[in-house]
Amino acid sequence: MYQADAKRYHTMQYRRVGKSGLKLPLVSLGLWHNFGGVTLFENSREMVLGAFDLGITHFDLANNYGPPPGSAEENFGRILKNELKRYRDEMIISTKSGFYMWEGPYGEWGSRKQLLASLDQSLKRMKLDYVDIFYHHRPDPDTPLEETMGALAHAVKSGKALYVGISNYNAEQADKAITILKDLGIHCLIHQPRYNMLDRRPEQGLYDVLEKHGVGAIPYSPLAQGLLSDRYLNGIPEDSRAAGSSVFLKHDAAFDETIEKSRKLAELAEKRGQTLAQMALAWLLKSPVTASVIIGASKLGQIQDCAKAQDNLTFTESELNEIDAIAQG
Ligand SMILES: NC(=O)c1ccc[n+]([C@@H]2O[C@H](COP(=O)([O-])OP(=O)(O)OC[C@H]3O[C@@H](n4cnc5c(N)ncnc54)[C@H](OP(=O)(O)O)[C@@H]3O)[C@@H](O)[C@H]2O)c1
């Protein structure tokens with residue numbers, strides 16, 4: 001059985017999620033890439049345990065994370081059972097449902113059947129009685145929002161989830177979903193949008209909606225999958241996501257253009273005494289609506305580097321202007 005670092009709560013800062021009672025670490029760990037069945041289990045284990053030792057209490061999963069789909073939850077369940085079982089009450093574990101997971105009409109989107117069957121599958125894979133946060137992973141244009149939110153509310157009322165959240169909803173969709181949940185007696189805890197210095201869509205109304213309702217935000221891909229770090233400043237390393245088989249990050253013209261911006265941003269980060277990854281995370285955390293950021297990683301050293309983002313969370317007006325000019329230019 002794993003013995004966690006006795007000093008794990010000494011440095012990590014925790015922030016309240018919107019107007020809820022729950023606090024999350026400023027940096028959370030996502031298991032989208034590098035935790036599935038095709039990855040060396042020992043490395044995934046080292047990252048989860050190493051993150052926990054840093055005070056990272058929040059682990060973000062989804063039914064389909066792998067590859068193969070489901071294997072990240074299975075591997076995480078194995079680490080929990082073998083090493084972290086006794087720390088379960090110190091952990092916030094989230095999962096999601098909505099993207100394609102199994103064959104037939106119930107394997108994706110947002111019907112009650114889909115969400116509740118998927119939640120049961122996730123609990124089995126992770127060998128858990130409940131998850132801390134259950135998300136609807138993406139809006140469903142065809143299912144009435146009342147049905148999808150009703151399924152989330154049921155997940156809480158049945159004790160299989162402590163809190164619920166939504167992901168990839170735009171401002172208008174989020175406003176409606178949060179209001180429906182409220183009418184059902186459930187507070188929407190959190191929204192998980194894609195947000196980073198290069199992708200500013202949440203600034204077009206979403207953050208205002210979340211603030212109005214007291215809902216926290218937890219941006220995903222805060223490093224633009226590694227582009228907002230020093231990973232690609234000197235070429236494309238063989239062991240990187242862009243060099244691998246991931247369909248989500250491709251080396252194309254847009255990639256090269258972004259790297260030019262990253263080089264300039266890295267110079268600014270250096271002046272602030274930060275790595276580019278640390279500055280990218282600090283930049284998201286400057287908003288009090290951001291409860292935490294969910295990073296991905298392929299090595300424990302990257303998580304350790306990211307955790308230090310909290311050492312400098314303040315920006316001068318001129319730094320913010322410079323970031324906008326480079327990132328939006
Ligand atoms: N709700 C949704 O629809 C949705 C969608 C996507 C992701 N997510 C969640 O968000 C999490 C994070 O997404 P993401 O993996 O795209 O996040 P990210 O933090 O933007 O990118 C992670 C990648 O950046 C590189 N990296 C991380 N820290 C670094 C450091 N300190 N220095 C240099 N490089 C560093 C690593 O690349 P290498 O692998 O190349 O080393 C790592 O795999 C996912 O695991 C998932 O939980 C949710």
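These figures come from a predicted structure and were not determined experimentally.

Caption draft 1: Up close: the site of the ligand. In the neighbourhood of the ligand, 30 residues make up the surrounding shell, with Gly30, Trp32, Tyr220, Gly226 and Gly296 lying closest. Mapped onto the shell around the ligand, the elements with two or more residues apiece are strand 10 (293–295) and helix 9 (300–307). Per-element tally for the shell around the ligand: the top contributor is helix 9, with 3 residues. Among the residues making up the shell around the ligand, the classes are represented as 11 nonpolar, 14 polar and 5 charged.

Caption draft 2: Structural context of the environment of Leu313. In this structure, Leu313 sits in the loop between helix 9 and helix 10 (317–327). Along the sequence, Leu313 and His187 sit 126 residues apart, while their C-alpha atoms lie 29 Å from each other. For Leu313, the contacting residues outside a window of four places in its chain are Ala282, Leu285 and Lys286.

Caption draft 3: View of the nonpolar core. Core analysis: the largest hydrophobic core is formed by 86 residues, its most contacted members being Ile133, Val164 and Leu281. With 9 residues, helix 8 (residues 276–285) is the single largest residue contributor to this core. Once residues within four sequence positions are removed from consideration, Ile133 is found in contact with Ile92, Ser94, Ala161, Tyr163, Val164, Gly165, Leu189 and Ile190.

Caption draft 4: How the structure looks around the pairing of strand 6 (residues 131–136). Summarising burial for strand 6: 6 of the 6 residues are buried, a large majority. Across 4 bridges, strand 5 (residues 92–97) lies against strand 6 in parallel orientation. Bridged to Thr95 within strand 6 is Phe134. The parallel pair strand 5 and strand 6, bridged by helix 3 (residues 112–126), forms a crossover whose chirality is right-handed. The pairing of strand 6 with strand 7 (residues 161–167) spans 5 bridges and is parallel. When the bridges of strand 7 are listed, Phe134 appears paired with Val164. Note that the unit made of strand 6, helix 4 (residues 145–157) and strand 7 has a crossover that is right-handed.

Caption draft 5: The sheet that holds strand 6, seen in detail. What the 8 strands build is an open sheet, ordered 9-8-7-6-5-4-3-10; its pairing is parallel. Here the strands that pair on one side only, and so sit at the sheet edges, are strand 9 (216–217) and strand 10. Bridging between strand 3 (residues 27–30) and strand 10 involves 3 bridges; their strand directions are parallel. Bridging from a neighbouring strand, Leu29 pairs with Ile295 of strand 10.

Caption draft 6: Expanded view of the packing of helix 2 (residues 71–84) against helix 3. The geometry of helix 2 relative to helix 3 is characterised by a closest axis approach of 7 Å and an angle of 45 degrees between their N-to-C directions. Relative to helix 3, the element helix 2 is oriented oblique. Residues Glu73, Glu74, Phe76, Gly77 and Leu80 of helix 2 form the contact with helix 3, whose own contacting residues are Ser122, Arg125 and Met126. By residue class, the composition of the contact of helix 2 with helix 3 is 3 nonpolar, 2 polar and 3 charged.

Conventions we followed
- Residues numbered from 1 in each chain as written.
- Predicted model: local features only at pLDDT ≥ 70, side-chain atom pairs only at ≥ 80, totals over all residues.
- Near = placed C-beta within 6 Å.
- Helix = DSSP H or I, 4+ residues; strand = E, 2+ residues; numbered from the N terminus.
- Nonpolar A, V, L, I, M, F, W, Y, C, P; charged D, E, K, R; others polar.
- Contact = placed C-beta atoms within 7 Å.
- Core = buried A, V, L, I, M, F, W, Y, C linked by C-beta atoms within 7 Å.
- Buried ≥ 20, exposed ≤ 12 C-beta atoms within 10 Å, placed from the backbone.
- Pairing = 2+ DSSP bridges.
- Right-handed = clockwise from strand over helix to strand, strands pointing away.
- Axes fitted to C-alpha atoms, helices over the stretch in contact; angles between N-to-C directions.
- Parallel < 35°, antiparallel > 145°, perpendicular 65-115°, else oblique.

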